[in-house]
Amino acid sequence: MSAQILDGNAIAKTLRGEIRAELERWSSAGRRLPGLAVILVGNDPASEIYVKGKRRDCDEVGFHSIVQHLSANVSQADLEARIAALNDDATIDGILVQTPLPEHIDEDRIIDCIDPAKDVDGFHAYNIGLLALRRPALRSCTPKGIMLLLEHIGCAFNGMDAAIIGASNHVGRPMGLELLLAGCTVTTAHKFTRNIEDKVKLADIVISAVGKPGLVPAAWIKPGAIVIDVGITRGENNKLYGDVQFEAVKDVASWITPVPGGVGPMTRIALLQNTLQAARVHQGLL
Ligand code: GUN
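Owing to the predicted nature of the structure, the values given are computational and were not obtained by experimental measurement. (Residues numbered from 1 in each chain as written. Predicted model: local features only at pLDDT ≥ 70, side-chain atom pairs only at ≥ 80, totals over all residues. Heavy atoms only, no water.)

Undergrad: Please explain the packing of aromatic side chains as it appears in this structure.
TA: For any pair of aromatic rings, geometry is given as the distance between the ring centres together with the angle between the planes. Scanning all chains against the criterion turns up zero aromatic pairs. A cation sits over an aromatic face here: Arg31 above Trp26, 6.0 Å from the ring centre. (Phe/Tyr/Trp six-rings, centres within 6.5 Å; stacked < 30°, edge-to-face > 60°. Lys NZ or Arg CZ within 6 Å of the ring centre and 35° of its normal.)

Undergrad: It is not clear to me how the site of the ligand should be interpreted in this structure. Could you clarify?
TA: Around the ligand, a shell composed of Lys54, Leu96, Val97, Gln98, Thr99, Asp121 and Phe123 is seen. At 2.8 Å, a backbone N or O of Thr99 approaches a nitrogen atom of the ligand. Asp121 places a polar side-chain atom, nitrogen or oxygen, 2.6 Å from a nitrogen atom of the ligand. Counting atoms within 2 Å of the grid points, the majority share of the ligand lands in the largest pocket. Across the shell around the ligand, the residue classes tally to three nonpolar, two polar and two charged. (Near = heavy atom within 4 Å. Polar contact = N/O pair within 3.5 Å; in protein donor to acceptor, adjacent residues only side chain to side chain. 1 Å grid on protein atoms, 1.4 Å probe; cavity = no way out; pocket = protein on both sides within 12 Å on 5 of 7 lines; lining within 4 Å. Sits in = over half its atoms within 2 Å of the grid points. Nonpolar A, V, L, I, M, F, W, Y, C, P; charged D, E, K, R; others polar.)

Undergrad: Is there a simple way to explain unusual backbone geometry in this structure?
TA: Both trends apply: most residues other than glycine have a negative phi, and most peptide bonds are in trans. For the bond from Thr99 to Pro100, the omega torsion is 5 degrees, close enough to zero to count as cis. Along the chain, Pro100 turns up in the loop between strand S4 (94-97) and helix H4 (107-113). Along the chain, Val259 connects to Pro260 via a cis peptide bond; the corresponding omega equals 0 degrees. Backbone geometry places Asn195, a non-glycine residue, at a positive phi of 50 degrees. Tracing the backbone through its elements, the reader meets Asn195 in the loop between strand S6 (185-189) and helix H8 (196-200). Residue classification places Asn195 among the partly exposed residues on the basis of a relative accessible area of 48%. Non-glycine residue Asn238 carries a positive phi angle of around 75 degrees. With a relative accessible area of 52%, Asn238 lands in the exposed category. (Helix = DSSP H or I, 4+ residues; strand = E, 2+ residues; numbered from the N terminus. Buried < 20%, exposed > 50% of the residue type's maximum accessible area, 1.4 Å probe, protein only.)

Undergrad: What is the right way to read helix H1 (residues 8-28) from this model?
TA: Each α-helix turn comprises 3.6 residues. Residues three or four places apart therefore point the same way. The terminal C-alpha atoms of H1 lie 30 Å apart, and with 21 residues this matches the ideal 30 Å at 1.5 Å per residue to within 8%. Of the residues making up H1, those classed as buried are Gly8, Ile11, Ala12, Leu15, Arg16, Ile19, Glu22, Leu23 and Trp26. Within H1, the buried residues cover an arc of 135 degrees as seen down the axis, which keeps them to one side. Residues of H1 that are exposed and angled more than 90 degrees away from the buried face: Lys13, Glu24, Arg25 and Ser28. (Expected span 1.5 Å × (residues − 1). Arc of directions from axis to C-beta.)

Undergrad: When you look at the sheet that holds S6 in this model, what are you seeing that I'm missing?
TA: Backbone-to-backbone hydrogen bonds join strands into a sheet, with any given pair of strands oriented parallel or antiparallel. The six strands lie next to each other as S1-S11-S8-S7-S5-S6, forming an open sheet whose pairing is parallel. Two strands in the sheet have a free side with no partner beyond their single neighbour: strand S1 (4-5) and S6. Two elements, strand S5 (residues 161-165) and S6, share five bridges in a ladder whose sense is parallel. The residue of S6 that forms the bridge with Ala162 is Val186. (Pairing = 2+ DSSP bridges.)

Undergrad: Looking at this structure, I do not really get the layout of surface pockets. What am I missing?
TA: The gaps of empty space that remain are located by a probe, the size of a water molecule, rolled over the atoms. Taken as a whole, the largest pocket spans an internal volume of roughly 1,300 Å³. Forming the walls of the largest pocket are 44 residues, and the residues nearest its centre are Tyr50, Thr142, Ile232, Gly264 and Thr267. Where the lining of the largest pocket is concerned, the elements lending two or more residues are helix H2 (45-61), S4, helix H6 (141-152), strand S9 (233-234) and helix H10 (263-282). In terms of residue count, the dominant contributor to the lining of the largest pocket is H2 (seven residues). Counted by class, the lining of the largest pocket contains 21 nonpolar, 16 polar and seven charged residues. (Points joined across faces, edges and corners; volume = space filled by probe spheres on them.)

Undergrad: It is not clear to me how the sheet that holds strand S2 (residues 35-41) should be interpreted in this structure. Could you clarify?
TA: The three strands lie next to each other as S3-S2-S4, forming an open sheet whose pairing is parallel. Every other strand in the sheet has two partners, leaving strand S3 (64-70) and S4 as the edge strands with one partner each. Strand-to-strand twist in this sheet, taken as the mean axis angle between neighbours without regard to direction, amounts to 15 degrees. Taken together, the four bridges between S2 and S4 define a ladder with parallel strand orientation. (Axes fitted to C-alpha atoms, helices over the stretch in contact; angles between N-to-C directions.)

Undergrad: Can you help me understand empty space enclosed by the protein in this one?
TA: Going through the model one piece at a time under the given rule, you end up with one cavity of 30 Å³ or more. Within this model, the largest cavity holds a volume of roughly 50 Å³. Looking at the lining of the largest cavity, the element that brings in the most residues is H4, giving three residues. Among the residues forming the lining of the largest cavity, the class breakdown is six nonpolar, one polar and three charged.

Undergrad: Would you mind showing me how to read the packing of H1 against H2 here?
TA: Between two packed helices, both the angle of their axes relative to each other and the distance between the axes serve to describe the pair. Running from amino to carboxyl end, H1 crosses H2 at an angle of 50 degrees, the nearest separation of the two axes being 8 Å. One finds that H1 runs oblique with respect to H2. Between H1, through Arg16, Ile19, Arg20 and Leu23, and H2, the contact on the second element is made entirely by Asp57, Glu60 and Val61. (Parallel < 35°, antiparallel > 145°, perpendicular 65-115°, else oblique. Contact = heavy atoms within 4.5 Å.)

Spelled out as structure tokens, the structure:
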């Protein structure tokens, strides 16, 4: 078997077109356009690239967007005050604080400061809690983007076995909640999991979100499984590597995401969708 490629770039392009069309209707109706504020702290080159991409996406669909680029020495209090100001800014529907943050900043407290109705990353405890209670509102972007990919290929979800490798707050944990809500039986593997391969081999859907190039070999994959690679590691040659041994796994899986061009563009489309959703709520449309 040779897997079909899940082309995140192509799917995201179609979905951006749908958002742009909706915003044209908003403009004609004289509505305020959705606004996204991104806070970038310090000069991490990867973060700068990600933030530029988010800005470009906003421009392409017609969102209002601002970027506050702060010094790596910014204090916790200053950062929290900026978030408070954005919470009160009626032109801003979504607030995203790019991570990683410098060591001296307490990231949990920063996320706690964001108004849950503007938490377009879906990282706030309130939004994670709503997802856990089967009342999703603003959903974490990478898991939401992966659900959009799986829905795109008509994944049946109910009763499927899913294995998630990695239990981070931003990806692994909310991914498990998404798949559980969709009707899957979910196993989440983490650094203390024994015999990971035995668990992954049972899965119809495998999602790896570790950041270890080549972690997942073909021998771990059940024939016909759907394989989603969230891992993205930049090698010395500046090339990007996923967690999955793509060339070998594509001969076993039914569908597989490439790196780059699989999950990454879907995370970005989920951010745009969340910002539009927050704007709808703020304008009394939902
Ligand atoms: N750093 C890398 N990806 C992301 C993301 O999706 N959101 C935030 N806030 N920071 C990130």
